[in-house]
Amino acid sequence: MTRLTNGERIHLVDKKGRQYALTLKAGDTFQFSGQKIVHDELIGRPDGTVVTLSGGKKMLALRPTLGEYVLKMPRGAQVLYPKDLALIPMWADVYPGARVFEAGTGSGALTMALLRAVGPRGLVVTYEMREDFARTALTNIDRYMGPVVNLITERKNAYEGIELPADGVPFDRVVLDLPEPWQVVPHAAKALRSGGIYLSFVPTVPQVVQTVEALEQAMVFGMVHTFETLLRTWSVQGRSVRPDHRMVAHSGFITVARKVEPGLLSSSSAPEIEGDNLSDDRPEAGEESSS
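Computed from a predicted structure; not experimentally measured.

K.L.:
Can you break down the pairing of strand S12 (residues 221-227) residue by residue, with the values?
P.N.:
Here S12 lies mainly inside the structure; 5 of its 7 residues are buried. Of the pairings in the sheet, the one linking S12 to strand S15 (residues 253-259) comprises 5 bridges and is antiparallel in character. The residue of S15 that forms the bridge with Phe 221 is Lys 259.

Here you go:
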């Protein structure tokens, strides 16, 4: 059984599922709508326990998941939604032990997702130009993950170049959350190993167009494809089952490319999605399948 400890970030959740973040500190008091509970009553309690505020209101005390944490943590830059944070490490194929370059650090949400994916044997190097953003990000990372020894943070501009780590070994992955990722594409082409993966996230179509054009002009990227994700939750209450009235629809576009030897694939060659050509194999109406 894990217990809540002094100094950690937790969430209190009411019966409607609304979450309220606080950092436990011995002697402090949490107040909500005229009710309160001292932190000492929370410290040492099991994760997931029910607590009662002074006015009788009951709430769950939980360690937040990463997705819950990033939505409530202090922020400088806008954070990525959990739906995108979940997909980016998969589509960039960030694996345990990988060496990843990231820009910009922002509020640290994507950095934490990358650190989780590379594990203790991997490395994340992140660039952030703004000192206030970098300071907030490091605080957020430390609160959720504790001391991290395989993260290198730099106050540098990725538009001006990407420096390899001291050992000179190229990166396995380049992951960008910047307004103008096309400016970084030539640098990514040099910093990535052969077979390495480039991924960038941008919110608008014009940004996607410029990014893909830059990837094509670099002449070393193939299998370029762009997509977005839409998340729709459902309400399930007995026999009443329907989509929720609100959904997290467009947040941004993810563009992925592979650094490859030129000659076989054009830059715009995207991998065929399974099921694209199923209609070619289906029998016409009234026909019987030969199988």
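K.L.:
Quick one: what's the story with the side chain of Gln 35, residue by residue and with numbers?
P.N.:
Inspection of the secondary structure puts Gln 35 in strand S4 (residues 35-38). At a separation of 3.0 Å, a polar atom in the side chain of Gln 35 contacts the main-chain amide nitrogen of Gly 55. A polar contact of 3.3 Å, which involves the side chain of Gln 35, links it to the backbone nitrogen of Gly 56. Not counting residues up to four positions away in its chain, the partners in contact with Gln 35 are Phe 30, Leu 53, Ser 54, Gly 55, Gly 56 and Lys 57.

K.L.:
Tell me about the nonpolar core, residues and numbers included.
P.N.:
Membership of the largest hydrophobic core comes to 30 residues, with the highest contact counts inside it found for Val 70, Val 100 and Val 175. Those elements giving two or more residues to this core turn out to be helix H1 (66-72), helix H2 (82-91), helix H3 (109-118), strand S11 (192-202) and S15. Of the residues forming this core, the biggest block, 8 residues, is contributed by H3. Ranked by size, the runner-up nonpolar core spans 28 residues in total, among them Ala 103, Leu 123, Trp 182 and Val 185.

K.L.:
Tell me what's going on with helix H4 (residues 131-145), and back it up with residues and numbers.
P.N.:
In this model H4 runs 21 Å from its N-terminal to its C-terminal C-alpha over 15 residues, within 8% of the 21 Å that 1.5 Å per residue would give. All of the buried residues in H4 are Phe 133, Ala 134, Ala 137, Asn 140 and Ile 141. Looking down the long axis of H4, one finds its buried residues gathered within 130° of arc, a one-sided arrangement. Summarising the contacts, the buried residues of H4 are in contact with H1, H3 and strand S9 (151-154).

K.L.:
Give a description of the pairing of strand S14 (residues 240-243) that names residues and reports values.
P.N.:
Bridge analysis of strand S13 (residues 234-237) against S14 gives 4 bridges, and the strand direction is antiparallel. Residue Val 236 lies in a different strand from S14, and its bridge partner there is Val 241. What sits between S13 and S14 in their antiparallel hairpin is a turn of 2 residues, with Gly 238 showing a positive phi close to 65°.

K.L.:
Lay out the sheet that holds strand S2 (residues 19-23) with the relevant residues and their values.
P.N.:
By definition, the strands of a sheet pair up through backbone hydrogen bonds, in either a parallel or an antiparallel sense. Ordered in space as S2-S1-S6-S5, the 4 strands form an open sheet in which the pairing is antiparallel. Looking at strand neighbours, the two that pair on one side only are S2 and strand S5 (49-52), the edges of this open sheet. Averaged over neighbouring strand pairs, the angle between their axes works out to 35° when direction is ignored. Inspection of the sheet shows strand S1 (residues 9-13) paired to S2 by 5 bridges, in the antiparallel sense. Its bridge partner lying in S2, Ile 10 is registered against Leu 22.

K.L.:
Quick one: what's the story with the environment of Tyr 198, residue by residue and with numbers?
P.N.:
Tracing the backbone through its elements, the reader meets Tyr 198 in strand S11. Given the relative accessible area of 0%, Tyr 198 is considered buried. In this structure, the C-alpha to C-alpha distance between Tyr 198 and Asp 28, residues 170 residues apart in sequence, is 46 Å. Apart from residues lying up to four places away in sequence, Tyr 198 is in contact with Val 174, Leu 176, Pro 181, Val 185, Ala 188, Leu 192, Thr 211, Leu 215, Phe 221, Thr 255, Val 256 and Ala 257. Among the polar contacts listed, one links the side chain of Tyr 198 to the side chain of Ser 200, at a separation of 2.9 Å.

K.L.:
Account for the packing of aromatic side chains, with residues named and values stated.
P.N.:
Under the defined criterion, the tally for this structure stands at 6 aromatic pairs. Between Tyr 69 and Tyr 144, the ring centres sit 4.6 Å apart and the planes meet at 35°, which makes this aromatic pair tilted. In this pair, Tyr 69 sits in helix H1 while Tyr 144 sits in helix H4, placing the two residues 75 residues apart along the sequence. Here Tyr 69 falls in the buried class, since its relative accessible area comes to 1%. On the accessibility criterion, Tyr 144 (23% relative accessible area) is partly exposed. Site record: aromatic cluster; members linked through ring pairs are Phe 101, Tyr 127 and Phe 171. Above the ring of Phe 133, the side-chain terminus of Arg 130 is found at 3.9 Å from the ring centroid.

Cut-offs applied
- Residues numbered from 1 in each chain as written.
- Predicted model: local features only at pLDDT ≥ 70, side-chain atom pairs only at ≥ 80, totals over all residues.
- Heavy atoms only, no water.
- Buried < 20%, exposed > 50% of the residue type's maximum accessible area, 1.4 Å probe, protein only.
- Helix = DSSP H or I, 4+ residues; strand = E, 2+ residues; numbered from the N terminus.
- Pairing = 2+ DSSP bridges.
- Polar contact = N/O pair within 3.5 Å; in protein donor to acceptor, adjacent residues only side chain to side chain.
- Contact = heavy atoms within 4.5 Å.
- Core = buried A, V, L, I, M, F, W, Y, C linked by side-chain atoms within 4.5 Å.
- Expected span 1.5 Å × (residues − 1).
- Arc of directions from axis to C-beta.
- Axes fitted to C-alpha atoms, helices over the stretch in contact; angles between N-to-C directions.
- Phe/Tyr/Trp six-rings, centres within 6.5 Å; stacked < 30°, edge-to-face > 60°.
- Lys NZ or Arg CZ within 6 Å of the ring centre and 35° of its normal.

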